[in-house]
Amino acid sequence: MTGLLLAAALAVSPLSEPAAGWAFATQARVFRGAELYGHIDGGAELYLELGFEEATVRELGKDGAVLEVELYRMSDPIAALGAYLARCGKETPADGLPDRHTAGRHQVLLRRERHLLVVNNPTGAPELSAAMVDVARELAGRLPPASTLDPFAALPTPGRIPGSERVVRGPVGLGAFITLGDGDVLRLGGTVTAVVARYGADAPEGPGTLLGADYPDEAAARAAFAYL
């Protein structure tokens, strides 16, 4: 049964076929739900809180070179954006990749729709930098069109520090950015989306941190505020 499930998953995955000119060097490893701890122990909590569904990991080989590809499927595009922002650091875009991404010598990290695509270069060999971008472009092209949703549209633009934006759906994500108390103090519960960003001295209200949460109704928002 496990083999049948794996085959079914790969049948609809961008990793069911290797990138042009490459061959699969290993069998696919698939992680679902809490199984993610077996792949990124120590960082899985944030993915699960945002809305993680499945990750597929495969290695590609060509002429002695090896690239590792990770494809994370999240519950929705905002969850994928949250996972991307949590690990992208200072973005360094590469030519030829239309989706939001950052590229370096060791890794290309790309977000498209509800997916997070990671192409790793374990050796850091600089001659593989262009190949990493090419692989990322081809595999991303097999995914659904990129989402145009902008959850940060609700936050004011003047004075916002670029790269400071984060998506939060629970205490793990919130605690990495701002401390308001122990536990799920905003009652996000992994389902309510909050967005947070830092602002500089040129902001109309001066420097600080601004957070906004989109609750399902006024009663839920009032209850969360009262709890806080």
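Residues numbered from 1 in each chain as written. Predicted model: local features only at pLDDT ≥ 70, side-chain atom pairs only at ≥ 80, totals over all residues. Heavy atoms only, no water.

Colleague: Break down the layout of surface pockets for me, citing the residues and quoting the values.
Modeller: Within this model, the largest pocket holds a volume of roughly 150 Å³. What lines the largest pocket is Ile78, Pro151, Ala154, Leu155, Thr193, Ala194, Val195, Gly212, Ala213 and Asp214. Put simply, the parts of the chain that give the lining of the largest pocket at least two residues each are β9 (193-199) and β10 (208-214). Residues of the lining of the largest pocket, tallied by class, amount to seven nonpolar, two polar and one charged. (1 Å grid on protein atoms, 1.4 Å probe; cavity = no way out; pocket = protein on both sides within 12 Å on 5 of 7 lines; lining within 4 Å. Points joined across faces, edges and corners; volume = space filled by probe spheres on them. Helix = DSSP H or I, 4+ residues; strand = E, 2+ residues; numbered from the N terminus. Nonpolar A, V, L, I, M, F, W, Y, C, P; charged D, E, K, R; others polar.)

Colleague: How would you summarise the pairing of strand β3 (residues 52-62) if you had to cite specific residues and measurements?
Modeller: β3 sits mainly inside the fold: eight of its eleven residues count as buried. Summarising the sheet, strand β2 (residues 29-32) and β3 pair through four bridges and their orientation is antiparallel. Its bridge partner lying in β3, Arg32 is registered against Glu54. (Buried < 20%, exposed > 50% of the residue type's maximum accessible area, 1.4 Å probe, protein only. Pairing = 2+ DSSP bridges.)

Colleague: Tell me about the pairing of strand β4 (residues 65-74), residues and numbers included.
Modeller: Across the ten residues that make up β4, a large majority, eight, are buried. Note that β3 and β4 share ten bridges and pair antiparallel. Within β4, the residue paired with Thr56 across the bridge is Leu71. In this antiparallel pair of consecutive strands, β3 and β4, the connection spans two residues, and Asp63 shows a positive phi of 50°.

Colleague: Give me the packing of aromatic side chains: which residues, what numbers.
Modeller: By the definition in use, this model includes one aromatic pair. Summarising the aromatic geometry, the rings of Tyr47 and Tyr72 are spaced 5.1 Å apart at their centres and angled 35° between planes, so their arrangement reads as tilted. Highlighted residues: Tyr47 in helix α3 (residues 44-50) and Tyr72 in strand β4, separated in sequence by 25 residues. Judged by relative accessible area, which is 7%, Tyr47 ranks as buried. On the basis of relative accessible area, Tyr72 is assigned to the buried category, the value being 0%. Sitting over the ring of Phe24, Arg58 keeps its end group 3.5 Å from the ring centre. (Phe/Tyr/Trp six-rings, centres within 6.5 Å; stacked < 30°, edge-to-face > 60°. Lys NZ or Arg CZ within 6 Å of the ring centre and 35° of its normal.)

Colleague: Residues and numbers for the nonpolar core, please.
Modeller: Grouped together as the largest cluster of nonpolar side chains are 28 residues, with contacts concentrated most on Leu36, Tyr47, Phe52, Tyr72, Met74, Leu116 and Phe152. Residue assignment for this core shows that the elements contributing at least two residues are α3, β3, β4, α4 (77-87), β7 (115-120) and β9. Looking at which element gives the most residues to this core, the answer is α4, with seven residues. With residues up to four places along the chain from it excluded, the contact list for Phe152 reads Leu81, Leu85, Arg160, Glu165, Arg166, Val167, Val195 and Val196. Ala65, Ala125, Ala136 and Ala140 belong to the second-largest nonpolar core, a separate cluster that totals 24 residues. (Core = buried A, V, L, I, M, F, W, Y, C linked by side-chain atoms within 4.5 Å. Contact = heavy atoms within 4.5 Å.)

Colleague: Describe the confidence of the model for the protein, naming the residues involved and giving the relevant values.
Modeller: For any part of a model where pLDDT is low, the fine detail of the predicted coordinates should not be relied upon. Confidence along the protein averages 92 in pLDDT terms, with 95% of residues attaining 70 or more. Model confidence for the protein, summarised as mean pLDDT per element, is weakest for helix α1 (residues 2-11) at 43 and strongest for β7 at 98. With pLDDT under 50 throughout, residues 1-12 is counted as low confidence; its partners more than four residues away or in other chains account for ten contacts. (pLDDT = per-residue confidence, 0-100.)

Colleague: Describe the environment of Ala213, with residues and values.
Modeller: Mapped onto the fold, Ala213 is located in strand β10. In this structure the C-alpha to C-alpha distance between Ala213 and His106, which are 107 residues apart in sequence, comes to 35 Å. What Ala213 contacts, discounting residues up to four positions off in sequence, is Leu188, Val192, Thr193 and Ala194.

Colleague: Give me the lowdown on the environment of Leu155, citing residues and values where you can.
Modeller: By the secondary structure assignment, Leu155 is in the loop between α5 (129-140) and β8 (166-168). Expressed as a C-alpha distance, the spacing of Leu155 and Asp182, which sit 27 residues apart in the sequence, is 25 Å. Apart from the residues lying within four places of it in its own chain, the contact partners of Leu155 are Arg160, Val195, Val196, Ala197, Tyr199, Leu210 and Gly212.

Colleague: So, the sheet that holds β8: which residues are in play, and what are the values?
Modeller: The strand order across the open sheet formed by three strands is β8-β9-β10, and the pairing between neighbours is antiparallel. Only two strands of the sheet have a single neighbouring strand rather than two, namely β8 and β10. The average angle at which neighbouring strand axes cross in this sheet is 25°, direction not considered. As paired elements, β9 and β10 share seven bridges and run antiparallel to each other. Within β10, the position partnered with Ala194 by the bridge is Ala213. (Axes fitted to C-alpha atoms, helices over the stretch in contact; angles between N-to-C directions.)

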